[in-house]
Amino acid sequence: MEMGSSVKRYIRLFKYDFKNTIRCNYLMFIFTVVLAVIGCMYFKGKVHNNYENMKFIESRQELKDAYPDIDFSEYDNYKGAGIADYQLYMFRGMDKITKRELNSNTKIEIPVMFIGMAVILSFMTGKFLFKNGNYTTIVRTKSRPAWILSKLICNMLAIALVYIITAFTGWIFSNKEVTLGIQTCKSIMGIDRADLNITGFNVILIMVMLPCLSAIAVAQIQIMISLAVNEIAAFVVSIGIYIFSVFYKTMWLPASGCMVQRFSYFMDSGFDVKSIVFYDIILIIVCVIADIFIMRRKNILD
């Protein structure tokens, strides 16, 4: 009987937390839509301009001979970019920025989508405890572990929703074909190597679910520091992880997994997908255990 009442209390808590998560983060979801639409419109324009340039080159034999590596047949039945192209552009991130590039006149494309997503997710996670239901609900649930687990699950769902919104926006703008254009990757995104076998469910798995999993791992670190220190320090650490990931290509910085371009599918020395999944899951489990441990000993009246 006691177990049944505990389950009912937890279900009520989870429903309360989930509703609060949506209510408290609706502005972040709106910002996500705006960011995704701007990103898709920008990419759509670049794809169209690239198509016009390629057709112009193809119409001039002297220019066509100067680009023997370009497969102009890809533009014969132009329908715009496919779903995979949009997902790759939205979640690609970038290759690491080196000191040589910073000290030279090399043009560096700022990963606007990556930075925008980092700010949205870090801000959303930063207030998950302090705006999304306060400590008084612990009294009603009569369980600190249940309280923190409910918050953690709702935060994970909120992050997943951000990625779903972004991916769905890309789907709307695409030609609805699950394709990956090699010339699009080369000309627009600067990716010389792309696995054209990425189709169907693999597009969702590699380009949406894996970055989402890595973002959840970063959020768990932020939440753990929020509980152990404070939310400001946690926010700084979270943003720091994303920024350092731009300059250092290592899987030990979990935000690197948010950049699809760094996977082995698109880079000879890229990350192994299985290793990223394993590392993220282990990191999430460790952080969740640490959160429960901290909550058991935390003075919530302090």
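On a predicted model such as this, the values are computed, not experimentally measured, just so you know.

Thresholds applied
Residues numbered from 1 in each chain as written. Predicted model: local features only at pLDDT ≥ 70, side-chain atom pairs only at ≥ 80, totals over all residues. Heavy atoms only, no water. Buried < 20%, exposed > 50% of the residue type's maximum accessible area, 1.4 Å probe, protein only. Helix = DSSP H or I, 4+ residues; strand = E, 2+ residues; numbered from the N terminus. Axes fitted to C-alpha atoms, helices over the stretch in contact; angles between N-to-C directions. Parallel < 35°, antiparallel > 145°, perpendicular 65-115°, else oblique. Left-handed = near helix turned anticlockwise from the far one by under 90°. Nonpolar A, V, L, I, M, F, W, Y, C, P; charged D, E, K, R; others polar. Core = buried A, V, L, I, M, F, W, Y, C linked by side-chain atoms within 4.5 Å. Contact = heavy atoms within 4.5 Å. Salt bridge = Lys/Arg side-chain N within 4 Å of Asp/Glu carboxyl O. Expected span 1.5 Å × (residues − 1).

A. A look at helix α4 (residues 83–91). Summarising burial for α4: nine of the nine residues are buried, a large majority. Buried within α4 we find Ile83, Ala84, Asp85, Tyr86, Gln87, Leu88, Tyr89, Met90 and Phe91. Following α4 by one or two positions, Gly93 adopts a phi angle in the positive range, close to 70°.

B. Geometry of the packing of helix α10 (residues 201–228) against helix α12 (residues 273–297). Taken N-terminus to C-terminus, the directions of α10 and α12 make an angle of 25°; their axes are 9 Å apart at the nearest point. Classed by the angle they form, the pair α10 and α12 counts as roughly parallel. Here the hand of the crossing between α10 and α12 comes out left-handed. Considered class by class, the residues forming the contact of α10 with α12 number 20 nonpolar, two polar and two charged.

C. Geometry of the nonpolar core. Leu88, Tyr163, Met207, Tyr242 and Phe263 are the most contacted members of the largest nonpolar core, which totals 72 residues. Taken together, the elements giving at least two residues each to this core come down to α2 (26–59), α4, α6 (112–126), α8 (144–173), α10, α11 (231–247) and α12. Looking at this core element by element, the count peaks at 15 residues for α10. Beyond its immediate stretch of four places on either side in the chain, Tyr242 contacts Phe114, Ala118, Leu121, Ser122, Ala215, Val218, Ala255 and Cys258.

D. The arrangement of the pattern of salt bridges in detail. The full count for this structure, using the stated rule, is one salt bridge. With a shortest N-O distance of 2.9 Å, Asp17 and Lys151 are connected by a salt bridge. Residue Asp17 is found in helix α1 (residues 2–24), and its partner Lys151 is found in helix α8; the two are separated by 134 residues along the sequence.

E. Spotlight on α6. With 15 residues, α6 should reach 21 Å at 1.5 Å per residue; the first-to-last C-alpha distance of 21 Å fits that figure. Counted residue by residue, α6 has 11 buried out of 15 residues, so it is predominantly covered. Considered for burial, the residues of α6 that qualify are Met113, Phe114, Gly116, Met117, Ala118, Ile120, Leu121, Ser122, Met124, Thr125 and Gly126.

F. Structural detail: the side chain of Ser122. Examined against the element boundaries, Ser122 turns out to sit in helix α6. When residues no more than four places from it in sequence are discounted, the contact partners of Ser122 are Gln222, Phe235, Ser238, Ile239 and Tyr242.

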